[in-house]
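So the chains spell out like this:
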Amino acid sequence: SDDELHARIRTAKEKLGSDLVILGHFYQRDEVVQYADFVGDSFQLANAALTRPEASTIVFCGVHFMAETADILARPEQHVILPNLAAGCSMADMADEDSVEAAWEDLMELYADETGPDGLDADGLASVIPVTYMNSSAALKAFCGRNGGIVCTSSNASTVLEWAFARGRRVLFFPDQHLGRNTAKAMGVPLEQMPMWNPRKPLGGNTPAQLQDAQVILWHGFCSVHKRFTVAQIEQARVEHPGVKIIVHPECPMPVVDAADASGSTDAIRTFVAAAQPGDVIGIGTEVNLVNRLAAQNPDKTIFCLDPVVCPCSTMYRIHPGYLAWTLDGLVEGEIRNEIVVPDEVAVHAKVALERMLAALP
Ligand code: 13P
Ligand code: SF4
């Protein structure tokens, strides 16, 4: 029964004490989030992995790329567990290492005349800097580490793009086209200078001239949850709730971000709600578990999800309390179940790209 399941989790947590730390992403269901020692956005959780070096095990209630990141940043002796190994991220899966390597080779060939033997032009700039969104495999973070690139999250993408433009003439941004486009547009990059790269087409479906002129080359990935939000939903919310404030995640398509009053990471959305006045009405464009939790935590405000059809992240949802109980039972018995181990040869380069991100932040 549910009661037994939750009793098992509580007992295991008590037995394991400070030897265990449970991290929970904002999108996790409440039955899971209630056991998390830290709840946050993907950037905060990456940092949280660093703050409890005394815990021998980190149980990550999130998705695969988040657990990989924790494993890369944690002490070598620490174990990272993903309660259900099937909890991936469909966007992260849209950029595989081979396709990105192939795109990189094409671009290097195209831009070969721009730079000298040191890989830099007369202004000391590389022809292109790879930037990967945190929502990507460890292999792609390692690719960025090896090729002068960096990682960003939705909470620091513009700072990271500034870092990249200080070092290169262009950026190759993957996997999320929307975060890349929304961020670069807000920095003043014209849309004509943001071609998309489709790995199934020669030169990604672009002409050499388009790629020469490019400032940000966008991978064709997207989030299936955030692409559901539309301008029509925002317009309807404004008709139904005059004065409504709209905030959306920057994984939403550009017209949606443009029609909203604000956009930001999951933690920025939480902060926006916290800063609103009692009686305010707020429409949110992000995953429904977070929206419902914010609504419950702020009964003095009216908070609703812009998508009338419930839109959970189906892979985050795979972390059922049953899996949490099963992995914690294992730890009590001395057995590590569903461990995420990033091979050392990948982790060493991925860490370089992650540390560049941490160092770039104010
Ligand atoms: P945050 O970095 O805002 O937590 O977003 C992660 C994510 O997967 C959003 O879909
Ligand atoms: Fe991936 Fe989208 Fe789920 Fe975030 S909400 S974990 S981007 S599928």
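Reading the values: rules and limits
- Residues numbered from 1 in each chain as written.
- Chains lettered and ligands numbered in written order.
- Predicted model: local features only at pLDDT ≥ 70, side-chain atom pairs only at ≥ 80, totals over all residues.
- UniProt positions renumbered as here; feature names shortened; annotations may be inferred.
- Helix = DSSP H or I, 4+ residues; strand = E, 2+ residues; numbered from the N terminus.
- Rg over C-alpha atoms; globule rule 2.2 N^0.38 Å.
- Buried ≥ 20, exposed ≤ 12 C-beta atoms within 10 Å, placed from the backbone.
- Contact = placed C-beta atoms within 7 Å.
- Near = placed C-beta within 6 Å.
- Nonpolar A, V, L, I, M, F, W, Y, C, P; charged D, E, K, R; others polar.
- Pairing = 2+ DSSP bridges.
- Axes fitted to C-alpha atoms, helices over the stretch in contact; angles between N-to-C directions.
- Core = buried A, V, L, I, M, F, W, Y, C linked by C-beta atoms within 7 Å.
- Domains from an automatic or database assignment.
- Parallel < 35°, antiparallel > 145°, perpendicular 65-115°, else oblique.

The name given to the chain in an unreviewed UniProt entry is Quinolinate synthase, with the source organism recorded as Microlunatus aurantiacus. UniProt, in its Function (unreviewed entry) section for the chain, records the words "Catalyzes the condensation of iminoaspartate with dihydroxyacetone phosphate to form quinolinate."

Undergrad: Would you mind going over the overall build of the chain with me for this structure?
TA: Looking only at helices and strands, the chain features 15 helices and 13 strands. A globule of 362 residues ought to have a C-alpha radius of gyration of about 21 Å, and the chain, at 21 Å, matches this closely. Taken along the three principal axes of its C-alpha coordinates, the chain extends 65 × 55 × 35 Å. The 362 residues of the chain split such that 48% are buried. Long-range contacts, defined as pairs at least 24 residues apart, comprise 66% of the intrachain contacts of the chain with a sequence gap of at least 6.

Undergrad: Would you mind going over the site of ligand 1 with me for this structure?
TA: Within the structure, ligand 1 sits among Asp41, Ser42, Phe43, Asn135, Thr153, Ser154, Cys223, His249, Glu251, Ser265 and Thr266. Within the shell around ligand 1, the residues separate by chemical class into two nonpolar, seven polar and two charged.

Undergrad: Is there a simple way to explain the UniProt feature "binding site: [4Fe-4S] cluster" (unreviewed entry) in the chain in this structure?
TA: Annotation from UniProt places "binding site: [4Fe-4S] cluster" (unreviewed entry) at Cys89, Cys223 and Cys313. Spatially, the listed residues are clustered: although they cover 225 residues, their C-alpha atoms lie within 9.3 Å of one another. Setting aside its immediate chain neighbours within four residues, Cys89 contacts Val63, His64, Phe65, Asn135 and Thr315. Secondary-structure assignment places Cys313 in the loop between β13 (302-305) and α14 (321-332). Residue class for Cys313 comes out buried when judged on the 23 C-beta atoms lying within 10 Å of it. Ignoring anything within four residues of it in the chain, the contact list for Cys313 reads Tyr27, Val225 and Glu287.

Undergrad: How should I be thinking about the sheet that holds strand β1 (residues 20-25) in this particular structure?
TA: Within a beta sheet, neighbouring strands are joined by backbone hydrogen bonds and run either parallel or antiparallel to one another. Spatially, four strands are ordered β2-β1-β3-β4 in an open sheet, and the strand pairing comes out parallel. Whereas interior strands pair on both sides, the edge strands pair on one side only; in this sheet they are β2 (38-40) and β4 (79-81). Geometrically, the sheet is characterised by an average inter-axis angle of 20° between neighbouring strands, direction not taken into account. Across three bridges, the pairing between strand β3 (residues 57-61) and β4 is parallel. Note on β4: the bridge partner recorded for Val59 is Ile81. Sitting on the sheet, helix α4 (residues 64-73) touches β1, β3 and β4, and the angle it makes with β3 is about 160°.

Undergrad: Would you mind showing me how to read the environment of Asp258 here?
TA: Looking at the secondary structure, you find Asp258 in helix α11 (residues 254-259). Between the alpha carbons of Asp258 and Arg293 there is a distance of 25 Å; along the sequence they are 35 residues apart.

Undergrad: What am I meant to see in the nonpolar core here?
TA: Burial of nonpolar side chains together is a common tendency in soluble globular proteins. Judged by nonpolar contacts, the single largest core of 113 residues is most densely connected at Leu23, Ile58, Phe60, Ala70, Val131 and Ile150. Excluding residues that lie within four positions of it along the chain, Ala70 makes contacts with Leu23, Ala46, Ala49, Ile58, Phe60 and Val80.

Undergrad: Can you walk me through the domain arrangement of the chain in this structure?
TA: The extent of an interface is frequently quoted as the accessible surface area lost upon association of the parts. Each domain of the chain was delimited in the assignment, giving domain 1 (2-89 + 316-342), domain 2 (92-222) and domain 3 (226-305). Taken over C-alpha atoms, the centre of domain 1 sits 28 Å from the centre of domain 3. The interface is formed by eight residues belonging to domain 1 together with seven residues belonging to domain 3. In the side of domain 1 that touches domain 3, the residues fall into two nonpolar, three polar and three charged.

Undergrad: Looking at this model, I keep getting lost on the environment of Gly88. Mind explaining?
TA: You can see Gly88 is positioned in the loop between β4 and α5 (97-110). As a C-alpha pair, Gly88 and His220 span 132 residues in sequence and 18 Å in three-dimensional space. Filtering out sequence-adjacent residues up to four positions away, Gly88 remains in contact with Val63, His64, Asp93 and Thr315.

Undergrad: Looking at this structure, how should I read the packing of helix α7 (residues 157-165) against helix α8 (residues 177-186)?
TA: Between α7 and α8, the least distance of the axes is 10 Å, while the angle of their chain directions is 75°. Between α7 and α8, the interaxial angle falls into the category roughly perpendicular. Every residue of α8 that contacts α7 at Ala157, Ser158 and Leu161 is listed here: Leu179, Thr183, Ala184 and Ala186. Classifying every residue of the contact of α7 with α8 gives five nonpolar, two polar and no charged.

Undergrad: Explain the site of ligand 2 to me, please; I cannot follow it from the model alone.
TA: Close contacts around ligand 2 come from 13 residues, with Cys89, Met91, Cys223, Val225 and Cys313 the closest. Of the residues assigned to the shell around ligand 2, the class counts are seven nonpolar, four polar and two charged.

Undergrad: How do you make sense of the packing of α4 against helix α15 (residues 344-360) when you look at a structure like this?
TA: Helix packing for two helices is described by the angle between their axes and how far apart those axes are. Contact geometry of α4 with α15 gives a least axis separation of 9 Å together with a crossing angle of 95°. With respect to their mutual orientation, α4 and α15 come out roughly perpendicular. Facing Thr69, Ile72 and Leu73 of α4, the residues of α15 in contact are Ala347, Ala350, Lys351 and Leu354. The residue inventory of the contact of α4 with α15, partitioned by class, reads five nonpolar, one polar and one charged.

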